[in-house]
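If you want the building blocks of each chain, they are given just below.
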Amino acid sequence: MYQFALDSYVVLFLISIAKSPKSDKIEERLKNLNEYHTYAVYQNTCRGLFERHKLLFSLHMCSKILEGFGKINKEEYTFLLRGGQVLNKDMQHPNPAPDWITETSWDNITELANLPAFREIDTSFEHGADEWREWFINSMPEQTTLPGDWQTNLNELQRLAVIRSVRPDRVVFASTSFIINNLGAKYVEPPAFDLSTIYAESTCSIPLIFVLSPGVDPVQALFQVATQVDMQENLKTLALGQGQAPIANRLLADGTKSGHWVFLANCHLMLSWMNSLEKVVEGLAESSPHKDFRLWLSSYPHPQFPISILQAGTKMVTEPPKGIKANMTRLYNKLTPEQFTRCAAGHKYRRLLFCLVFFHAVLVERKKFGTLGYNVPYDFNESDFDISEDVLSYYLAAYENTPWEALRYLIAEANYGGRVTDEFDFRLVRCYVRNFFQEGAISAERFLLAPPLEYLRVPDDGGIKVYTDYIKGLPVLDDPQSFGQHSNSDIAAQINDTDILLDTLSSLQPATTGGSGGVGAADDRIFKIVGDMEENLPVLIDYEQVRKIKSDDPSALHVFLLQEIQRYNNHLQKMAANLRDVKKGIKGLVVMSAELDEILGCVSAGKVPPSWNKCFPSLKPLANWLRDLLTRVNSLREWGEGDYPVVYWMSGFSYPTGFLTAILQTAARANAVSVDVLSWEFTTLPADVKDISKAPKEGAYIHGMFLEGAAWDMDNMCLQDQKPMELVVQMPVVHFRPVEAKKKVVKGFFSCPCYMYPVRTGSRERPSYTISVDLKAGVYDSDFWIRRGAAILLSLAT
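On a predicted model such as this, the values are computed, not experimentally measured, just so you know.

Colleague: I would appreciate a short explanation of the confidence of the model for the protein in the present structure.
Modeller: Any residue range with low pLDDT should be treated as having predicted coordinates unsuitable for detailed reading. Here the protein averages 92 in pLDDT, while 98% of its residues score no lower than 70. Summarising per-element confidence for the protein, the mean pLDDT is lowest in helix H25 (residues 521–536) (86) and highest in strand E16 (residues 791–793) (98). Overall, residues 513–519 carries pLDDT values under 50, and its contacts beyond four positions in sequence, including any with other chains, amount to 13 contacts.

Put into structure tokens, the structure is as follows:
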């Protein structure tokens, strides 16, 4: 829906010429015009942007302005967007503090040291690791002085590159300061949505388009503006859908003649008629409609919405307020006094209604935590709440004893659960309902909704004002504990925001190569990278030799091994062919196909091309991914040329589920039972991989797994809460042992889902979910870890 036309820009520029401060001095006049028009562009564009894209637009605008004045070093800005890639580790200095400097961060630092302004910054980390760690653990490093002389030696953009390298979670905050210091605070304070102002600036020939978001209806705001200008009687509304085309055409014809306002809602539901509407919009400028005529449209974002209408119109994005407080306020504001007092259950209804409102707000806002929130994001809306409120009112009035099971089932499973498609998200919704809808919510004097937060409780009973006043006293910013999350979940969400911000800005940069035959500096750089990748590709595993070695033991595990070798060999052959063709394409010897062009762009940006992710899914940057690929191939080669591994690196397999099935088949044959009757028993071992010298009699030892959303207590061999800044931890070796009698998860254990990589849903072709591992829950119950979003990952994004 982000379509802007040159004609609209010209109109805005003419308005800026007319309204900007005048001056007889040409330099001062140009300065005034420039300042006025720049902010006018920002204001006008922000109206049509979603909230999450407004800072991105400000940063892009700021960088382009500074670039025009020659105040940005192109190399440093490119590093800020793309980070550093180290394809060959042989020349890299060893990481001086791997306990807090991640592999990706060290790659960034060592590559940053190659830029003139950052010479020997890697040495600074080596010699002053303690000073840098003090800076690193600061909650706001962007406002803290850098160690040594780096604070005075680096400008603001360069300091931003350091933050991007070591503390990516603070890039958004540092970028905000960067914009304020260069353009002014008003460029990070988007104008509030004011429909009256937008109407005042509109004309009869330009459509006004509401870009909709779930949970927002602009009709009420439109009626208020119509009332202010005495057009309420002349506002004609129509919800588009099947069979509405003749009515819409008639309203448009009458409106242009009589000066009515025409509001056509939900255009995305009638895309077949959009071509006709496109012609009407194109003809407005020539047909001279009545000066009072206005065409209002509303639509959810849709790729088939006509571009010409978007370019011709004024776009207004409507979004619901963010945060638990705002969501609860909105729900209570729509409750009428009659609705609030209709239920005969009285205080029982009012207290549980507050729980329901809080439950809805938590479900709506939890998606901001990404995969720690939900595996699949859901658009819960007010209709879910309305139906649940009706259910609550009816069942409490109909039964003297509170029907807890019925309420929990109807709210969590039949209603909200009807939108949920993932099994573990469904488990989360049921967990919340269990916690909020219980006897204590009615009888307890201080029933806490999100322990240990004392302020989040069911207030003392009273009229609707008692509850709304209590909500007004809640903080605007949500504590992660409101959702049952750790404070680290905010850091994970901020890192994700940084990745989206920088990836999007990187995609807006001009292409560096074109395969035109003339190899320039940028082409030379990419040609060298491709050449290095080609040299570092692992040698193919000799499939025939491995098959001959393993021919005397045709076990299920060896069948799986041969299948894995075939997959990786095919993948390596495809990569080698692609890299050869890309080099030829850069030289202009072959035509760059769409696939080669995509590979070239990804390699230039340090990303893994999508076609290379088919062997095994991954979110790693290109350099880390190549090292991971080399480790995977060497691991298979060692197994193929030797005996069964004592401890298996399950993360290195392209199909971990195939490996687990092979283990089950081996156990079934050994015990002469059907594989269908076998399930798993899990035992965590306190020993390191190097200390395990003998394989288990049954099953397999597994290492190389990571725990997200929780930490591991090696003393008590159970789950424990995370430490600050500790987003993932290494899991100990786990014994996966097939057993016959499938047991339910006993009390004190948490059924922890295991995923191939951080995208927990995976794709339609390759689900990420692998298995659920039963882990000791420690001092907390299973519900605690469900709310935390705890999971095992076989591969990380770094």
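Colleague: Mind showing me how you'd approach a nonpolar patch on the surface here?
Modeller: Judged by side-chain polarity, Leu6, Tyr9, Val10, Phe13, Leu14 and Ile17 come together as a nonpolar surface patch covering roughly 530 Å² of accessible area. Structurally, the position occupied by leucine 6 is in helix H1 (residues 6–19). On the accessibility criterion, leucine 6 (63% relative accessible area) is exposed.

Colleague: Even after reading the chapter, I still don't get the sheet that holds strand E8 (residues 700–703), so can you show me in this structure?
Modeller: With mixed pairing, four strands are arranged side by side in an open sheet as E6-E8-E13-E7. With one partner strand each, in any of the chains shown, strand E6 (647–649) and strand E7 (679–684) form the two edges of the open sheet. Averaged over all neighbouring strand pairs, the angle between strand axes comes to 35°, with direction disregarded. Relative to strand E13 (residues 734–739), E7 is paired through six bridges, and the arrangement is antiparallel. Counted as the bridge partner of phenylalanine 682 is phenylalanine 736 from E13.

Colleague: Looking at this model, I keep getting lost on the pattern of salt bridges. Mind explaining?
Modeller: Oppositely charged side chains can pair when the atoms bearing their charge come close. Enumeration over the complete set of coordinates arrives at 35 salt bridges. Of the charged contacts, one joins arginine 47 and glutamate 201 as a salt bridge, the two residues approaching to 2.9 Å between their closest N and O atoms. Here arginine 47, found in helix H2 (residues 26–47), pairs with glutamate 201, found in helix H11 (residues 195–201); they are 154 residues apart in sequence, far enough to count as distant. We classify glutamate 201 as partly exposed; its relative accessible area is 47%.

Calculation notes
Residues numbered from 1 in each chain as written. Predicted model: local features only at pLDDT ≥ 70, side-chain atom pairs only at ≥ 80, totals over all residues. Heavy atoms only, no water. pLDDT = per-residue confidence, 0-100. Helix = DSSP H or I, 4+ residues; strand = E, 2+ residues; numbered from the N terminus. Contact = heavy atoms within 4.5 Å. Patch = residues over 30% accessible without salt bridge, like charges linked within 9 Å, V, L, I, M, F, W, Y side chains within 5 Å. Areas by Shrake-Rupley, 256 points an atom, 1.4 Å probe, with all protein chains shown as cover. Salt bridge = Lys/Arg side-chain N within 4 Å of Asp/Glu carboxyl O. Buried < 20%, exposed > 50% of the residue type's maximum accessible area, 1.4 Å probe, protein only. Pairing = 2+ DSSP bridges. Axes fitted to C-alpha atoms, helices over the stretch in contact; angles between N-to-C directions.

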